[in-house]
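# Chain and residue survey
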Amino acid sequence: MIRRQLGGALLVAAVIAAGCGSSSSSSAGSGASQSGSTQSQSTQPKGAPIKVMAIAPLTIPQTGSNESVWGDVALARAEAINRAGGIHGRPLDVILCNEQDNPNMEVDCARQAIADKVVAIAGCNCPFSDNSLPVFQKAGLPVIGQLPQGKQSVTNPISFPLVSGVAGLWAAMPRLLKSRGATSYGYIYANLGVATDQTLPYIKLGAQKAGMTSTGNTVIAPTVTDFGPAIATALGKKPDGLAAFFTQGPNASFIHQLREQDPNIKLVEVSGFLSAKDIKALGPAANGILYTSQMPLISSNTPGTDLFRQDMQNYSKHVTVSDGDSVALAMWSAVWLFGQIGRAHV
C-alpha cells in the first residue's frame, strides 16, 4: 500500500512537471465541463496554470437531484491553494465535469480531461469507473480520490481511492443494525438505476459477514412521494431493522412516514442525505437513526474538517454542505492532496 501511494505521488509529480499548460483558463467543452478558475485574479500566482479535473454527478436530470456542492468544495480548496501562492508559483485550475450519472457522459468527461490537457483527476465520484478508468489509464492520467465504485476503482494502478466508497458504506449497514441488537433487516430504497443496483451485492455481503437474515428488498420509484404503502410492505415482513436509501428531500419525508407507522423500528442510512433543516423539521422522528459514513462529520473537530470549514467560510459562503456529506469532504480532500503532492514533489 505504501509503495502504491509513493508511486502515485511520483506519477502526479511527473505529470505536473511535464504539463506546463497555457496561460489562460480552460473553457467549457461539450457543456459537461466548466472552468474552475478561482475568484480573485489579482491575487493569483502568475505562473502557467496547473490544470486538473474534478468529476461528479453534479446534477442528475432523471431524478432532479442537484449536488453542485461537490464541485463547489473542490473550487474552494483550489482558491485557498492559490491564495497561499499556488503550487510553486503556478495557479491550480480545477475544471469541473458533470457526468450526470450517465455512463456515456462519464466517458465524455474522461475524453474532455485529455483534450484539456489536465495533469490529473482530483476528485472523482464516478459511478461508471469501470468504463472511464481505462480511458484515464491509456492517457497516463492518475485519478486521485476516486470513490470506489466497481472493480476498476480498486484494482486499476492509476486509481488512488481515499475512502471506502459504496462497498464499505453499504456493507456496514446490516452490521451496524446487528450491533444494536437486530438479527434481520429489510432494505428499502428509491430505484436510481445503476447507482442503486450496485449497492445490492455489498449490503448482501455485509449481512452475510454479520450473520444477518434479509427479509427482502422494497424498491420505490424515484418520483413517489407517498411512501406509506411501500413502508407497510417492508414492515409487514417483520424485520428487526431497516436499511434505507433516498436522496435528500424525499429522505426526510420517508423518515416522517416511517415513524408514523413504526416509531421504534431500527433504521440505518448512509450519511449525507438529511440536511440540518430536515433534521430540525423531523424533530423527535430523527432520534436514533444510525449512519454509515466514509468520512467524519464536517462539524467534527479534526485538522481536516477545521480546514474544510475555513475554506467554505472564506471562499464559498453561499454553499451549504450537509454535516454528513462524505462525498463533499472526499472531493475537497482530493484537491487538498493534489496540492500537497505538488508542493512536496515538484
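Refer to the structure above for everything that follows.
Just so it is clear, the structure is predicted and the values come from calculations on it, not from any experiment.

Let's shift gears to the state of the cysteines. Taken as a whole and judged by the stated rule, the model has two disulfides. A sulfur-sulfur distance of 2.1 Å marks the disulfide that ties cysteine 97 to cysteine 109. The sign of the S-S torsion, about -85°, decides the handedness of the disulfide formed by cysteine 97 and cysteine 109: left-handed. Linking cysteine 97 in strand β5 (residues 92-98) with cysteine 109 in helix α3 (residues 103-115), this pair joins segments that are 12 residues apart in sequence. Both residues of the pair, cysteine 97 and cysteine 109, count as buried. Between the sulfur atoms of cysteine 124 and its disulfide partner cysteine 126 the distance amounts to 2.0 Å. On the sign convention where negative means left-handed, the S-S torsion of about -100° between cysteine 124 and cysteine 126 marks this disulfide as left-handed. For the pair shown, cysteine 124 and cysteine 126 are each scored as buried. Here the chain pairs its bonded cysteines, counted in sequence order, in the arrangement 1-2, 3-4.

Looking now at α3. For α3, with 13 residues, the first-to-last C-alpha span of 19 Å sits near the 18 Å given by 1.5 Å per residue. If you check the start of α3, you find a side-chain oxygen 2.8 Å away from the backbone N of asparagine 104, and it comes from asparagine 102. Count one or two residues on from α3 and you reach lysine 117, which has phi positive near 60°.

Time to look at the environment of arginine 77. With respect to the helices, strands and loops of the structure, arginine 77 is situated in helix α2 (residues 69-83). We classify arginine 77 as buried; its relative accessible area is 7%. As a C-alpha pair, arginine 77 and valine 94 span 17 residues in sequence and 9.5 Å in three-dimensional space. Look past the residues within four positions of arginine 77 in its chain and what remains in contact with it is Leu307, Asp311, Trp332, Val335 and Trp336. Within polar-contact distance, the side chain of arginine 77 engages the side chain of aspartate 311 at 2.6 Å.

This brings us to the pattern of salt bridges. The full count for this structure, using the stated rule, is four salt bridges. Aspartate 311 is the salt-bridge partner of arginine 77, the closest N and O atoms lying 2.6 Å from each other. Within this pair, whereas arginine 77 is found in helix α2, its partner aspartate 311 is found in helix α12 (residues 303-315), the two being separated by 234 residues in sequence. According to the relative accessible area criterion, aspartate 311 is buried, its value standing at 2%. One salt bridge connects aspartate 108 with arginine 111, and the closest N-O pair in it is separated by 3.9 Å.

A few words now on the pairing of strand β2 (residues 50-56). Counting buried residues along β2, seven of its seven residues qualify, which places the element largely inside the surrounding structure. Side chains of β2 alternate between two faces, with Ile50, Val52, Ala54 and Ala56 and Lys51, Met53 and Ile55 buried alike. One ladder, built from seven bridges, connects β2 with β5; its direction is parallel. The residue bridging isoleucine 55 from the neighbouring strand is cysteine 97, located in β5.

If you look at soluble globular proteins, the nonpolar side chains tend to sit buried side by side. Trp170, Ile188 and Phe254 are the most contacted members of the largest nonpolar core, which totals 43 residues. Secondary structure elements with two or more residues in this core: α6 (165-179), β9 (184-190), α8 (200-210), α9 (228-236), β11 (241-245), α10 (250-261) and β12 (266-270). It is α6 that contributes the most residues to this core, six residues altogether. Core analysis: the next-biggest nonpolar cluster, separate from the first, contains 41 residues, Ile50, Ala122, Val163 and Met312 among them.

Attention now goes to unusual backbone geometry. Unusually for a residue other than glycine, aspartate 101 sits at a positive phi of about 55°. If you trace the backbone, aspartate 101 turns up in the loop between β5 and α3. When its relative accessible area of 10% is taken as the criterion, aspartate 101 is described as buried. Even without being glycine, lysine 238 reaches a positive phi, approximately 60°. Mapped onto the secondary structure, lysine 238 falls in the loop between α9 and β11.

Reading the values: the criteria
Residues numbered from 1 in each chain as written. Predicted model: local features only at pLDDT ≥ 70, side-chain atom pairs only at ≥ 80, totals over all residues. Heavy atoms only, no water. Disulfide = S-S within 2.5 Å. Helix = DSSP H or I, 4+ residues; strand = E, 2+ residues; numbered from the N terminus. Buried < 20%, exposed > 50% of the residue type's maximum accessible area, 1.4 Å probe, protein only. Expected span 1.5 Å × (residues − 1). Polar contact = N/O pair within 3.5 Å; in protein donor to acceptor, adjacent residues only side chain to side chain. Contact = heavy atoms within 4.5 Å. Salt bridge = Lys/Arg side-chain N within 4 Å of Asp/Glu carboxyl O. Pairing = 2+ DSSP bridges. Core = buried A, V, L, I, M, F, W, Y, C linked by side-chain atoms within 4.5 Å.

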